[in-house]
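Commentary on secondary and tertiary structure
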Amino acid sequence: MITNLAYNALIKEVELTPKPGLVDCFNNGSHKDMDIDTFYESAKAIKPFISEFLHYDNFDNLREVGLRCEKKMFEATNGVNTHKGMIFSLAILCGAINRAKVFDSLQDEIKLLCRDLVKNDLEKTKQAKTHGENFFKEVNHTGIRGEAQSGYATVFEKSLPFYEKHLNIYGEDSAMKLTLLFLMSITDDSNLYARGGLESMDFVKNEAKKILHVEDLDNNLLELDKMMIERNLSSGGSADLLGLTWFLYHIKKIEGNIW
């Protein structure tokens, strides 16, 4: 059940259309090396590893499985990074699900799993090799590692309640689009920083806020899509957090069948 939910979270995120600057059913966004079929192949490669994540409850084992999963993803996509961030986060969430007794303790278990992550992965790193490490070295933002160490506070405390509220009013499709915009308006996204620095992060935050409450949502999303493509910007980090939001919403719903 959890394996299928995690896989569906990957599919729901990529198929949500339109998404500004991101791969969707309309176009490839600001990405020249991937399309929606690349994401489908990537999701299929990742799926078998989800159940393996659920067998472990310590960080070292989860990372080892995650690295093998990442290798399969790159094989499936011919070297394109479609889901590296999601593999990391799904490993953490599945490990925490294995440790937790109830949904309400899940965030605490994530914090325990990731308690030294920023220190070990960022503060001790001498030479930055990834977007996340550069993000920390250059502007002291902890990125997805800081998010994980916080117990995914942005998701549990912000985007999940936001999604639940808007789901009840508008239904899944509009609620996901609004939640993506909400995340884009508040997230310090290392993907955006890598493509355009702090100025681009601020641009996307401000533009997302502008259309968060408009009536003609899809047309405004398409306009923002054009602007982000022109600037070669992509909010991949926010897209990952949207996928996690959808996943956790459904985990919460089926709590009685998991624990």
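The preceding data block contains the structure.
Residues numbered from 1 in each chain as written. Predicted model: local features only at pLDDT ≥ 70, side-chain atom pairs only at ≥ 80, totals over all residues. Heavy atoms only, no water.

With that settled, consider the nonpolar core. Counting residues in hydrophobic clusters, the biggest one holds 77 residues, and the most contacted among them are Phe53, Leu106, Ile110, Tyr152, Leu181 and Phe247. It is helix α4 (residues 84-99) that provides the largest number of residues to this core, a total of ten residues. Those residues in contact with Tyr152 that sit more than four places away from it in its chain are Phe88, Ser89, Ile92, Leu93, Gln107, Ile110, Ile144, Glu147 and Leu244. Counting six residues, the second-largest nonpolar core is a separate cluster that includes Val14, Met34, Phe39 and Val80. (Core = buried A, V, L, I, M, F, W, Y, C linked by side-chain atoms within 4.5 Å. Buried < 20%, exposed > 50% of the residue type's maximum accessible area, 1.4 Å probe, protein only. Helix = DSSP H or I, 4+ residues; strand = E, 2+ residues; numbered from the N terminus. Contact = heavy atoms within 4.5 Å.)

Attention shifts here to the state of the cysteines. Within the structure shown, the criterion is met by zero disulfides. The cysteine Cys94 is free of any disulfide, with Cys69 supplying the nearest cysteine sulfur at 10 Å. The class for Cys94 is buried, based on a relative accessible area of 0%. Free cysteine Cys114: the closest other cysteine sulfur is in Cys94, separated by 13 Å. According to the relative accessible area criterion, Cys114 is buried, its value standing at 1%. (Disulfide = S-S within 2.5 Å.)

Tallying each qualifying case throughout the model produces four aromatic pairs. Plain terms: the ring middles of Phe103 and Phe156 are 6.0 Å apart, the flat faces sit at 45° to each other, and that makes the pair tilted. With Phe103 in the loop between α4 and α5 (106-113) and Phe156 in helix α9 (residues 153-170), this residue pair connects regions lying 53 residues apart in the sequence. Comparing Phe103 with Phe156, the two get one shared label, buried. (Phe/Tyr/Trp six-rings, centres within 6.5 Å; stacked < 30°, edge-to-face > 60°.)

Take unusual backbone geometry next. Residue Pro18 is reached from Thr17 by a cis peptide bond, and omega for that bond is 0°. In this structure, Asn140 takes a positive phi of about 65° despite not being glycine. With respect to the element layout, Asn140 can be found in the loop between α7 (131-139) and α8 (143-149). Given a relative accessible area of 55%, Asn140 falls into the exposed group. Even without glycine at this site, Asn232 takes up a positive phi of about 60°. Tracing the backbone through its elements, the reader meets Asn232 in the loop between α12 (217-230) and α13 (236-253). Assessed through its relative accessible area of 32%, Asn232 is described here as partly exposed.

Turning to helix α10 (residues 172-186), a few remarks are in order. When the terminal C-alpha atoms of α10 are compared, their 21 Å separation across 15 residues agrees well with the 21 Å that a helix rising 1.5 Å per residue should span. When you tally the buried positions in α10, you get eleven out of 15 residues, the bulk of the element. Within the span of α10, buried status applies to Ala175, Met176, Lys177, Leu178, Thr179, Leu180, Leu181, Phe182, Leu183, Met184 and Ser185. Buried residues belonging to α10 abut α1 (2-15), α9, α11 (190-210), α12 and α13. (Expected span 1.5 Å × (residues − 1).)

An ideal rise of 1.5 Å per residue puts 30 Å on 21 residues; α11 reaches only 22 Å between its terminal C-alpha atoms. Along α11, the sharpest kink reaches roughly 125°, centred on Gly196. Every buried residue of α11 is accounted for by Ser190, Leu192, Tyr193, Gly197, Ser200, Met201, Phe203, Val204, Lys205, Glu207 and Ala208. The secondary structure elements touched by the buried residues of α11 are α7, α10 and α12. Its side-chain oxygen placed 2.8 Å from the backbone nitrogen of Asn191, Asp189 serves as the N-cap of α11. (Bend = angle between axes of the 7 residues up to and from the residue. Polar contact = N/O pair within 3.5 Å; in protein donor to acceptor, adjacent residues only side chain to side chain.)

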